[in-house]
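# Structural characterization, general
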Amino acid sequence: MTIACGFSRFLNTRVHSSTNRVLSLWFASCPCSSASASASAFSSEPPETGASPETVREGRAEIFADKSNSVFFNKAQVNNRDLSIAVLRWFISKRREEHDIQLKGRHAEIPQEQHAEIPQEQHADGLDPATTGSEDSVLREESSLKAPKVLEALAASGLRAIRYALEVDGIGEVIALDNNDVAIESCKRNIYHNGILASSKVVPHLADARIFMLTHPKEFDVVDLDPYGSPAAFLDSAVQCVADGGMLMCSATDMAVLAGGNAEVCFSKYGSYPVRGKYRHEMALRILLACIESHAIRHKRYIVPVISVHMDFYIRVFVRIFTSASTVKSSPLKFSHVYQCVGCNSFHLQNVGRINSKDKRNIPLPNFCPTVPQECSECGGKFVMGGPIWSDPIHDKDWAASILSNIRAMSGLYQAYAKISAILTSVSQELPNAPLFVSLHSICATLKCTNPTMVMFHSAIRNAGYQISGSHADPLALKTDAPMSVIWDIMRCWVKLHPVKTQPENLPGSRILSQEPQLQASFSQATEGLVARKSPRFLPNPEKHWGPKMKAGRPLKILPIDKL
């Protein structure tokens, strides 16, 4: 017992081998350990009363419940964790596929006669570097793909890291990082409780995430950021920590800031002004992506979004990070300012940069003055400016479709299958080159007219020669490449067929309807491009009080039953 106590300080440091990890977690659970005494609420040993501790099970992992709220855990984030596991599974398979293609390309560059000069015995694996030379050793190292290394920068209870280790095949070491002593001790007990597989892969580590990521540049294939609130403070170090071609998973729960409730706070954290339109949740995604890109380009790196979703009370983006000094120069083409009319809510986007057609180098230049006039051409209202936001595609539709098919094939492994499959179905059908969207109910409220059905409006857009789709962020969203003038012309034609009551002339709707449509809209059903909805896309919350949770360390408030 004395020996175990003597090793308590050593066990707080990072343990490298799987055997030492198991021993360290066993020692940490001993009653004599000072670390164990500081967090006895998380001990895997049953209390003295003989009652077994309460646990929470999610996926293949099981952790100890914490009723004191000293370590953060939110049941509602099961959607977040399930989606992250699905994306991580596909990323590992895609990473292996890209490595094989790259390896074949390298072998194809070697002339056939050089292949013939290599003795047959040197084609075998496991050759001794002392006998074959250092060049053969390097070739073997390049041809072998190491298991991806994952960093969960804000681990808390360690549930996410444990689930990664238990449920994702082919995953390598998972570093569960936190700067809270109690959280790390809780993480150790939860890892030990989940057996030898979790203990051999998950390494708990006490450190500040920002400093740790800065001191481990390009070391991790996957970095997971899921903070309480804004991730802005971690982004600069996170984009440097991800390996070339790796993935950054990032969440933001400060939706009041990103959706326009506190515009000045949003600018101070993310460098962008939000606009309080119906598209505010998609704009929040684009603000976060623009912020990540702005941090990445400072280090000659750039992002490629894979999946970007708004779920429940937060947003979650999955982006890959690459290094290229030449590609970074085109980043201004991915940013746009938003101009929204305060009267009719019409919006227009303008890129920050432009390409000079006379310059063959294709280097972006600052764009010209705004294309919108001082007053809205539809209703005469003023424009408010927001942004800059990410105006490139926020999803990779091929990735979304592939991840969705994998989820359906393994539906029994996902507790939140219905939710994440519904979201990915909508994501896979969104128009990629249509930033933001309009709301049909908002348009009709401006004109004070009856609503056309979604099928009729979709058909009118398609009959006019444009594309249209829905959005995962809003059931009433209309994402289209049609300009606002076409949308209002369609509604003018609709009002001619379904007249409205006389309105005061100074209202935005009256000014819009006072103009004759330049386009004669056709509401006959256009079957081409319409998607049959075989499953619900927007699901209700599974239970009451499904949403954000109080920050760890704050006492939980217990309300009377009559107020629940």
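Parameters and conventions
- Residues numbered from 1 in each chain as written.
- Predicted model: local features only at pLDDT ≥ 70, side-chain atom pairs only at ≥ 80, totals over all residues.
- Heavy atoms only, no water.
- UniProt positions renumbered as here; feature names shortened; annotations may be inferred.
- Helix = DSSP H or I, 4+ residues; strand = E, 2+ residues; numbered from the N terminus.
- Buried < 20%, exposed > 50% of the residue type's maximum accessible area, 1.4 Å probe, protein only.
- Contact = heavy atoms within 4.5 Å.
- Areas by Shrake-Rupley, 256 points an atom, 1.4 Å probe, with all protein chains shown as cover.
- Pairing = 2+ DSSP bridges.
- Axes fitted to C-alpha atoms, helices over the stretch in contact; angles between N-to-C directions.
- Salt bridge = Lys/Arg side-chain N within 4 Å of Asp/Glu carboxyl O.
- Parallel < 35°, antiparallel > 145°, perpendicular 65-115°, else oblique.
- Lys, Arg positive; Asp, Glu negative; His and termini not counted.
- Polar contact = N/O pair within 3.5 Å; in protein donor to acceptor, adjacent residues only side chain to side chain.

Looking at an unreviewed UniProt entry, one finds the protein chain named tRNA (guanine(26)-N(2))-dimethyltransferase, with Hordeum vulgare subsp. vulgare as its source organism. Within the UniProt record for the protein chain, the comment given under Sequence similarities (unreviewed entry) is "Belongs to the class I-like SAM-binding methyltransferase superfamily. Trm1 family." Database annotation for the protein chain, UniProt heading Catalytic activity (unreviewed entry): "guanosine(26) in tRNA + 2 S-adenosyl-L-methionine = N(2)-dimethylguanosine(26) in tRNA + 2 S-adenosyl-L-homocysteine + 2 H(+)".

Below, the discussion takes up the overall build of the protein chain. Counting its secondary structure elements, the protein chain contains 22 helices and 17 strands. Per-residue burial for the protein chain yields a buried fraction of 48% across its 564 residues. Pairs at least 24 residues apart make up 70% of the contacts formed inside the protein chain by residues separated by at least 6 positions. Carbon and sulfur atoms provide 54% of the accessible area of the protein chain, an area that totals close to 27500 Å².

Attention shifts here to the sheet that holds strand β4 (residues 174-178). Spatially, the seven strands line up as an open sheet ordered β5-β4-β3-β6-β7-β9-β8, and their pairing is mixed. One side of each edge strand has no neighbouring strand; the edge strands of this open sheet are β5 (202-206) and β8 (301-311). Each adjacent strand pair in this sheet contributes to an overall mean axis angle of 15°, direction not counted. As paired elements, β4 and β5 share five bridges and run parallel to each other. Each bridged residue has a counterpart across the sheet, and for D178 the counterpart in β5 is L206. Here helix α9 (residues 181-193) sits on the sheet in contact with β4 and β5, set at roughly 165° to β5.

Summed over all chains, the structure comprises 25 salt bridges. R95 is the partner of D221 in a salt bridge, and the nearest nitrogen-oxygen pair spans 3.6 Å. Residue D221 is located in strand β6 (residues 220-225), and its partner R95 is located in helix α4 (residues 78-109); the two are separated by 126 residues in the primary sequence. Here the two residues D221 and R95 agree in accessibility, since each one is buried. Where D224 meets R316, a salt bridge forms, and the shortest distance between an N and an O atom there is 3.0 Å. One end of the pair, D224, is in strand β6; the other, R316, is in strand β9 (residues 314-323), and 92 residues separate them in sequence. On the accessibility criterion, D224 (1% relative accessible area) is buried. Judged by its relative accessible area of 0%, R316 is buried. Each of E58, R81, D82, R163 and E167 takes part in a single network of salt bridges with overlapping partners.

Let us look at helix α20 (residues 454-463). Looking at α20, one finds that the buried residues are F457, H458, S459, A460 and I461. Where α20 is buried, its residues touch α19 (440-447), β16 (468-471), β17 (474-480) and α21 (484-497).

We now examine the packing of helix α14 (residues 263-270) against helix α15 (residues 280-296). Running from N to C, α14 and α15 point in directions that differ by 30°, and their axes come no closer than 10 Å. Judged by the inter-axis angle, α14 sits roughly parallel to α15. Contact residues: α14 offers C266, K269 and Y270, while α15 offers I287, L288 and C291.

Along the chain, E430 falls in the loop between α18 (417-428) and β15 (438-439). Although E430 is buried, it makes no salt bridge; K479 carries the closest opposite charge, 4.6 Å away. Separated by 2.7 Å, the side chains of E430 and H472 make a polar contact. Discounting chain neighbours no more than four positions away, the residues touching E430 are H395, K397, S469, G470, S471, H472 and K479.

So, about unusual backbone geometry. Cis geometry is adopted by the peptide bond preceding P388, which originates at G387 and carries an omega value of 0°. Position of P388 among the secondary structure elements: in strand β14 (residues 383-390). Its identity is not glycine, yet A156 carries a phi of approximately 55°, on the positive side. Its location among the elements puts A156 in the loop between β3 (150-152) and α8 (159-167). Relative accessible area serves as the criterion here: at 15%, A156 is assigned to the buried category. With phi around 55°, K448 is a residue other than glycine that occupies positive phi space.

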